[in-house]
Amino acid sequence: MSLSFLLTRKGNSSGSVLFFLFPVFVGAMGLVGVQGDGNGEMALSLGSKNKYKRMDSELSDDFEDDASHHHHQLGRKKSTRKYVLACAIFASLNNVLLGYDVGVMSGAIIFIQEDLKITEVQEEVLVGILSVISLLGSLAGGRTSDVIGRKWTMAFAAIVFQIGAAIMTLASSFEVLMIGRVLAGVGIGFGVMIAPVYIAEISPTVDRGSLTSFPEIFINLGILLGYVSNYAFSGLSVHTNWRVMLAVGILPSVFIGFALFIIPESPRWLAMQNRVEEARSVLLKTNENDKEVEERLSEIVAAAGISNGEKNEEKAVWRELLSPSPSLRRMLITGFGIQCFQQITGIDATVYYSPEIFHDAGIVNKSKLLAATVAVGVTKTALILIATFLVDRVGRKPLLYVSTIGMTVCLFTLSISLAILGKGQLGIAMALLCVCGNVAFFSVGMGPVCWIVTSEIFPLRLRAQASALGAVGNRVCSGFVAMSFLSLARTITVGGTFFLFSLFSALSVAFVYELVPETKGKSLEQIELLFQNHNEWDGSEMELGDAQHLVHKA
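Within each chain, residues carry numbers counting from 1 in the order of the written sequence. Local features in a predicted model are, by the rule used here, given only for residues with pLDDT of at least 70; side-chain atom pairs are given and counted only at 80 or more, and totals for whole chains, interfaces and linings are based on all residues. In computing side-chain properties, one takes all heavy atoms of the structure into account and sets aside hydrogens as well as water.

The test is simple: UniProt positions are given in the numbering used here, feature names are shortened, and annotations may be inferred rather than shown by experiment.
In the annotation of an unreviewed UniProt entry, the entry for the chain reads Major facilitator superfamily (MFS) profile domain-containing protein, and the organism field reads Gossypium barbadense. Taken from UniProt, the Sequence similarities (unreviewed entry) comment for the chain reads in full: "Belongs to the major facilitator superfamily. Sugar transporter (TC 2.A.1.1) family." What UniProt records for the chain under Subcellular location (unreviewed entry) is the sentence "Membrane".

Pasting the structure below:
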């Protein structure tokens, strides 16, 4: 094989190697030139290095182009993730309000009861009414977000809550306090319903689970802040401390006003309004490459019915929800059911009434009671961060299994501990361990994944209002649990009440196994197809076609 032949094969790897070694070889041999082999293939002399320099320049340019493209892709990836992360954080600020209210009311109610001389029944109503009233906000939020958009629905939620919180802060009687509580509940209902929907619609598929768990993170952060507020302001006078505690809750909603200048509208809502170019512009900011943008946009447009002219012909959303197709019925059962199970397992009772639980276990001092609730808040907040890290790595169902099984064990152990150990050091230690364990397992799975699944499973045209139905189930169950806990505890004891919660938690394990699919790694439009092919679910594993599609994309 001639050297000229080897040099002309610079396109393959072996030729490239020989090309770089060739000058060394020539120098070693003391050659001054290479003549053609008679066939006119090549002529090279060391006196003229143009050929060598040109080929080297080509390789360098290719390398530089690849490096530049890679650097550009890395830069876009980082900026995209930062942008989507900022959107998820700002969209979740309303959820701080719910968490703060839940956390702060657990301690504030002690001082409200002392200051306004309210009865135990009034205490139950005051605590639970927010959850019941918030369902009005959630119901209205679905329709409102379809009309004015996801972004401005969040703004409206913040305004309503601010008004309610201000009235509660200045309340001089139980009746005025209730008016503020009702308004705050409506605002929270709007915010809780819309945040997961917005984040799910704006997030890239690969990060959707972790980003959609942000609202639950912020609820937990709010709860922790509420507990800390209880502890920090408990030293003030009885007439002042609970008012300061409630007033601090206004601050997070102020930041939502600034968020409106940063976050975009949901691309899926824009597509529903036939504003396709605006939707593409948002997708370009929230996805890492142009090919994925076009794929997502075509799926969204098809789901919105724009491409086939279906938008004006589709029947009313509520009529479709009231007479659902088999696939939609499965979605509604899954979404509504998991929201109800999240609350009937007693998490709000654990959080709202943790001082009463610890008091029943033997802690009497108010400062120690509030300090114990801070420990609960820290545990709940820390574990939700673990869930955020794992939800897009291990999937939704594994976290739900760990969560529901762990909650069942903790609730059952707590009920036995309160019933048998009584008031003593061991009883206090077991109560604190079980309560912290319960909120920890809740935060790992049932807390965030419930909202993730509900925001993922519904078709685009129904997503906002169907998610609102799920939020209604959540709020009704939350209100029922919060408003009945004290009465139930007086009737069957605190231990008996938590035994009842443990039974519901055991049922939730079966519900997750049978009716909740694995949605990790799927686009929102693919998840809709998953429910249409329920017979191929087989334990909620991903369908083969979708798995192959994802592997192909990777």
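**Overview of empty space enclosed by the protein**
Heads up, the rule is: With a 1 Å grid laid over protein atoms only, a set of points is called a cavity when a 1.4 Å probe fits there but cannot get out and a pocket when it is open yet has protein on both sides within 12 Å along at least five of seven lines; lining residues have an atom within 4 Å of a point. Grid points are joined across faces, edges and corners, and a volume is the space filled by probe spheres set on the points. The helix and strand labels rest on DSSP assignments: H or I over at least four residues marks a helix, E over at least two residues marks a strand, and numbering proceeds from the N terminus. Reported domain spans reflect what an automatic or database domain assignment gives.
For the coordinates displayed, the defined rule picks out 6 cavities of 30 Å³ or more. Surrounding the largest cavity, 15 residues form its lining, Glu216, Ile219, Gln343, Asp348 and Arg475 being those nearest its centre. Going through the elements one at a time, helix H4 (93-116), helix H9 (214-233), helix H16 (326-344), helix H17 (347-352), helix H21 (425-456) and helix H22 (460-515) are the ones with two or more residues in the lining of the largest cavity. For the lining of the largest cavity, the two domains that each supply at least three residues are domain 1 (77-263) and domain 2 (313-532). Its boundaries defined by the atoms lining it, the second largest cavity holds a volume of some 60 Å³. Lining the second largest cavity are Ala200, Glu201, Ile202, Ser203, Pro204, Thr205, Arg208, Arg268, Leu283, Asn287, Arg296 and Leu524. With 3 residues, the top contributor of residues to the lining of the second largest cavity is helix H7 (residues 174-202).

**Brief notes about the environment of Leu400**
For clarity, the threshold we go by: Throughout, a residue-residue contact means that at least one pair of heavy atoms, one from each residue, lies within 4.5 Å.
Note that Leu400 resides in helix H20 (residues 396-420). Considering only alpha carbons, one finds Leu400 and Phe442, 42 residues apart in sequence, at a separation of 8.9 Å. The residues touching Leu400, leaving out its near neighbours within four places in the chain, are Ile338, Gly445, Met446, Val449, Val512 and Val516.

**Focus: unusual backbone geometry**
With the exception of glycine, most residues fall at negative phi, and the peptide bonds are largely trans. A positive phi angle, near 55 degrees, is found at Lys117, a position not held by glycine. Summarising the element assignment, Lys117 is placed in the loop between H4 and helix H5 (120-148). One non-glycine residue, Asn274, lies in positive phi territory at about 65 degrees. Within the secondary structure, Asn274 is located in the loop between helix H12 (267-272) and helix H13 (276-286).

**Topic: the packing of H5 against helix H6 (residues 150-170)**
Helix-helix packing: each pair is described by the crossing angle between the helix axes and the interaxial distance. The condition is simple: For helices, the fitted axis covers only the stretch in contact; all axes are lines through C-alpha atoms, and the angles between them, taken along N-to-C directions, range from 0 to 180 degrees. We call two directions roughly parallel when the angle between them is under 35 degrees, roughly antiparallel when it is over 145, roughly perpendicular when it lies between 65 and 115, and oblique otherwise. Note: crossing handedness is left-handed where the near helix turns anticlockwise from the far helix by less than a right angle, and right-handed where it turns clockwise. Classification convention: Asp, Glu, Lys, Arg as charged; Ala, Val, Leu, Ile, Met, Phe, Trp, Tyr, Cys, Pro as nonpolar; all other residues, Gly among them, as polar.
Axis separation between H5 and H6 bottoms out at 7 Å; the angle between their running directions is 130 degrees. It follows from the interaxial angle that H5 and H6 lie oblique. In this structure, H5 crosses over H6, and the sense of that crossing is right-handed. Along its contact with H5, which presents Gly141, Thr144, Ser145, Asp146 and Ile148, the element H6 presents Arg150, Trp152 and Thr153. Tallied by class, the residues present in the contact of H5 with H6 amount to 2 nonpolar, 4 polar and 2 charged.

**Some words on the packing of aromatic side chains**
What counts, and what does not: Here a pair means two rings of Phe, Tyr or Trp (six-membered ring of Trp) with centres within 6.5 Å. Their orientation is stacked below 30 degrees between planes, edge-to-face above 60, and tilted elsewhere. Here's how the labels work: a residue is buried when its accessible area is under 20% of the maximum for its type, exposed when over 50%, partly exposed in between, all with a 1.4 Å probe on protein chains only.
Following the criterion strictly, the structure yields 6 aromatic pairs and no others. Between the aromatic rings of Phe412 and Phe499, the centroid separation amounts to 6.0 Å while the plane-to-plane angle is 50 degrees, which identifies the pairing as tilted. Placement of Phe412 in helix H20 and of Phe499 in helix H22 is noted, with a sequence separation of 87 residues between them. Residue classification places Phe412 among the partly exposed positions, given a relative accessible area of 39%. On the basis of relative accessibility, which here comes to 37%, the residue Phe499 falls in the partly exposed class. Ring centres of Phe498 and Phe501 lie 5.4 Å apart, and the angle between their planes is 85 degrees; on these two criteria the pair is classed as edge-to-face.

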